[in-house]
Amino acid sequence: MGNFDKIVNLCKNRGFIFPGSDIYDGLANTWDYGPVGVELKNNIKRAWWKKFVQEAHNSFGIDADIFMNSKVWEASGHTASFSDPKMDCKNCKTRHRADNLIEEYSKGKVNPDLMTNEEMEQYIKDNHINCPKCGKSDWTSIRNFNLMFSTSRGVTDESQNLIYLRPETAQGEFVNFLNVQRSMRAKVPFGIAQIGKAFRNEVTPGNFTFRTIEFEQMEHQWFCKADTSLKYYEEFKKKAMDFLLSLGFKQEHLRYHDHDKLAHYAKAACDIQYLYPIGWEELNGIHHRGDWDLSRHQEFSGKSMMYLDPYTNEKYIPNVVEYSIGADRLTLAVMCEAYDEEILDNGETRVVMHFHPAIAPYKVAILPLQKNLSEKAMEVYSNLSKHFMVTYDEAGSIGKRYRRQDEIGTPMCVTIDFDTLEDNTVTIRDRDTMEQIRIKINDLVNYVNEKIKY
Ligand code: GAP
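All of the points below concern the structure found in this document. Computed from a predicted model, the values in this text were never measured in an experiment. (Residues numbered from 1 in each chain as written. Predicted model: local features only at pLDDT ≥ 70, side-chain atom pairs only at ≥ 80, totals over all residues. Heavy atoms only, no water.)

### Focus: the overall build of the protein chain
For step 1, the next point in the chain: In terms of regular secondary structure, the protein chain is built from 15 helices and 23 strands.
For step 2, the next point in the chain: Dimensions along the principal axes, computed over C-alpha positions, put the protein chain at roughly 75 × 65 × 50 Å.
For step 3, the next point in the chain: Burial status across the protein chain gives 50% buried among its 454 residues.
For step 4, the next point in the chain: Long-range pairs, those at least 24 residues apart, make up 65% of the contacts in the protein chain between residues at least 6 apart in sequence.
For step 5, the next point in the chain: With the model as given, the accessible surface of the protein chain reaches about 22300 Å², and the carbon-plus-sulfur share is 48%.
For step 6, the next point in the chain: Positive and negative charge centroids in the protein chain, built from 57 and 66 side chains respectively, lie 2 Å apart. (Helix = DSSP H or I, 4+ residues; strand = E, 2+ residues; numbered from the N terminus. Buried < 20%, exposed > 50% of the residue type's maximum accessible area, 1.4 Å probe, protein only. Contact = heavy atoms within 4.5 Å. Areas by Shrake-Rupley, 256 points an atom, 1.4 Å probe, with all protein chains shown as cover. Lys, Arg positive; Asp, Glu negative; His and termini not counted. Charge placed at Lys NZ, Arg CZ, Asp CG, Glu CD.)

Okay, structure coming up:
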């Protein structure tokens, strides 16, 4: 946990992530991205879009509404069964997830996903599992609580006006399958991707932004013929892993984890887990979904979800291979992976975020050696900021300014000195090696662009 606490502190002090509603003592499990964090998260989302939409030959992006017709959630099964098994402590009146209690008690050795509610109750009773809040073992029976947030539409709140905040972005992709296919003249196999907010009324054990009630998902549904679906499932497993490696994750910090329990319609499902400072945890999922989603929407909407193959005249409902990753959970993993403490020759500790330059919040920091060089420095700043995110700092010693940039992972620092006024050259310092070279101001844009390529 050591580094985790340090990362949480760094996030607050260096403008990555602040507690939500901070001046009102917060709201549990809500977080606000600050000026540095929003750049990092946006860059991560851009990198994902580049790999899964821009560079993918047959994938199309959409941006569907958060609110959807309530029938969507009946068709998807969320209204009936998107719930967590929860029980209340009769002594201190706090509510807890029964599956979490078992997982924590058994240190992951018992898998509550494979148990019925009755079996979970019995296990908790037999092992006298105590309430994490008050330490007593006096539980109500388990009840399933739906995770969807609901609100009412219009001026009256009658039940027919009940609408939900979407708990996943995937349904926007399913319901638009034929809209995208027809408008883009897409041929199966093809993909639909989107990035957007999702909401779940989770009881969470904290862990910063790992599990929150409002979060962003980056989801990609691949529509294909049934007999090719397992091949594509394997391809997406690899593509999901390659994407993480391309962001700079070390292979030994990632692993596949097959699901123990499969949905009745699925042939396979797995997560990629990341070794967070809190242990191995799910980072993303790859799910073989058969033709379940489109079939259910056909059934509930009464509209055909059939695809007509223009070559064979075959009519069928495609299978889906889903790849889903949380943008916030990935941002947290990126920060954990990038965090480093280096002991320097002079014995000082340098905290440095080794972000891949393409996702670093700022690409360059402009640092005039002295305040009376600020006019020239601002000229360089104005020029570079037309091309990428640049930050400017003239306060404090140059050493302290380098440290501040290291802590937010700025890959290059440009110092303006008196020679700059004479020969239009600057010193550029590399974050990771700390090596410095002299370069012409006119060459800066090309130099930086080369370094931040992705
Ligand atoms: N459409 C499939 C789906 O939503 P999921 O496994 O429930 O599958 C996919 O979620 C990903 O979304 C997870 O792997 C995780 O990265 C992210 N995620 C899910 N719930 C989250 C939460 N409460 N807070 C942050 N991220 C979450």
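### Regarding the environment of Phe-18
For step 1, the next point in the chain: Counting through the fold element by element, Phe-18 comes out in strand E1 (residues 17–19).
For step 2, the next point in the chain: Its relative accessible area of 28% is what places Phe-18 among the partly exposed residues.
For step 3, the next point in the chain: Separated by 10 residues in the primary sequence, Phe-18 and Val-8 have C-alpha atoms spaced 9.0 Å apart.

### Looking at the sheet that holds strand E16 (residues 319–326)
Within a sheet, adjacent strands bond to each other through the backbone by hydrogen bonds, running parallel or antiparallel.
For step 1, the next point in the chain: With mixed pairing, the seven strands of this open sheet are ordered in space as E3-E9-E10-E16-E13-E12-E11. What marks the edges here is a single partner per strand, and that holds for strand E3 (59–61) and strand E11 (254–258). Here the strands of the sheet are splayed against their neighbours by 25 degrees on average, with no regard to which way each runs.
For step 2, the next point in the chain: Bridge analysis of strand E9 (residues 190–199) against strand E10 (residues 214–224) gives 10 bridges, and the strand direction is antiparallel. Counted as the bridge partner of Gly-196 is Gln-217 from E10.
For step 3, the next point in the chain: Contacts from helix H11 (residues 327–338) reach E10, strand E12 (269–276), strand E13 (279–288) and E16, with the element oriented near 40 degrees to E12. (Pairing = 2+ DSSP bridges. Axes fitted to C-alpha atoms, helices over the stretch in contact; angles between N-to-C directions.)

### Details of the packing of aromatic side chains
For step 1, the next point in the chain: If you walk through the whole model with that rule in mind, you get 20 aromatic pairs.
For step 2, the next point in the chain: Seen in terms of ring centroids, Tyr-105 and Tyr-123 are 6.2 Å apart; in terms of plane orientation they differ by 80 degrees. Their pairing is edge-to-face. Of the two residues, Tyr-105 is situated in helix H5 (residues 98–105) and Tyr-123 in helix H6 (residues 117–126); the sequence distance between them amounts to 18 residues.
For step 3, the next point in the chain: The exposure class assigned to Tyr-123 is buried, which follows from its relative accessible area of 18%.
For step 4, the next point in the chain: Every member of this aromatic cluster is reached through a ring pair, and the members are Trp-48, Trp-49, Phe-52, Phe-243 and Tyr-323.
For step 5, the next point in the chain: Its guanidinium or amino end placed over the ring of Tyr-232, Lys-231 lies 4.3 Å from that ring's centre, counting from NZ or CZ.
For step 6, the next point in the chain: The ring of Phe-210 has Arg-329 lying over it, and the distance from NZ or CZ to the ring centre is 3.8 Å. (Phe/Tyr/Trp six-rings, centres within 6.5 Å; stacked < 30°, edge-to-face > 60°. Lys NZ or Arg CZ within 6 Å of the ring centre and 35° of its normal.)

### Observations concerning the pairing of strand E21 (residues 412–416)
For step 1, the next point in the chain: With respect to burial, E21 is a largely interior element, five of its five residues being buried.
For step 2, the next point in the chain: Judged by which residues are buried, E21 turns out to be covered on both faces: Met-412, Val-414 and Ile-416 on one side and Cys-413 and Thr-415 on the other are all buried.
For step 3, the next point in the chain: Bridge analysis of E21 against strand E22 (residues 425–430) gives four bridges, and the strand direction is antiparallel. Looking at the pairing, Thr-415 lines up with Thr-427 of E22.

### A closer look at the sheet that holds E21
For step 1, the next point in the chain: Pairing in this open sheet of five strands is mixed, and the strands run E20-E19-E21-E22-E23 from one edge to the other. Of all strands in the sheet, those with a lone pairing partner are strand E20 (390–392) and strand E23 (436–440), marking the two edges. Neighbour to neighbour, the strand axes of the sheet diverge by 30 degrees on average, direction disregarded.
For step 2, the next point in the chain: Sitting on the sheet, helix H13 (residues 398–407) is in contact with strand E19 (364–368), E20, E21, E22 and E23, with an inclination near 170 degrees to E19.

### Some thoughts on the pairing of strand E4 (residues 83–88)
For step 1, the next point in the chain: With five of its six residues buried, E4 lies for the most part within the structure.
For step 2, the next point in the chain: Relative to strand E6 (residues 143–146), E4 is paired through four bridges, and the arrangement is antiparallel. Of the residues in E6, the one forming a bridge with Pro-85 is Asn-144.
For step 3, the next point in the chain: Sheet topology places E4 next to strand E5 (residues 95–97); three bridges connect them, and they run antiparallel. Considered in E5, the bridge of Asp-88 is made with Arg-95.

### Notes on the packing of helix H2 (residues 35–54) against H11
The packing of two helices is summarised by the inter-axis angle and the distance between the axes.
For step 1, the next point in the chain: Closest axis-to-axis distance for the H2/H11 pair is 10 Å, and the angle between their directions is 110 degrees. Considering the angle they form, H2 stands roughly perpendicular to H11. Judged by the twist between their axes, the crossing of H2 over H11 is right-handed. Seen from H2, the contacting residues are Leu-40, Lys-41, Ile-44 and Lys-45; seen from H11, they are Ala-327, Asp-328, Leu-330, Thr-331, Val-334 and Met-335.
For step 2, the next point in the chain: The residue inventory of the contact of H2 with H11, partitioned by class, reads six nonpolar, one polar and three charged. (Parallel < 35°, antiparallel > 145°, perpendicular 65-115°, else oblique. Left-handed = near helix turned anticlockwise from the far one by under 90°. Nonpolar A, V, L, I, M, F, W, Y, C, P; charged D, E, K, R; others polar.)

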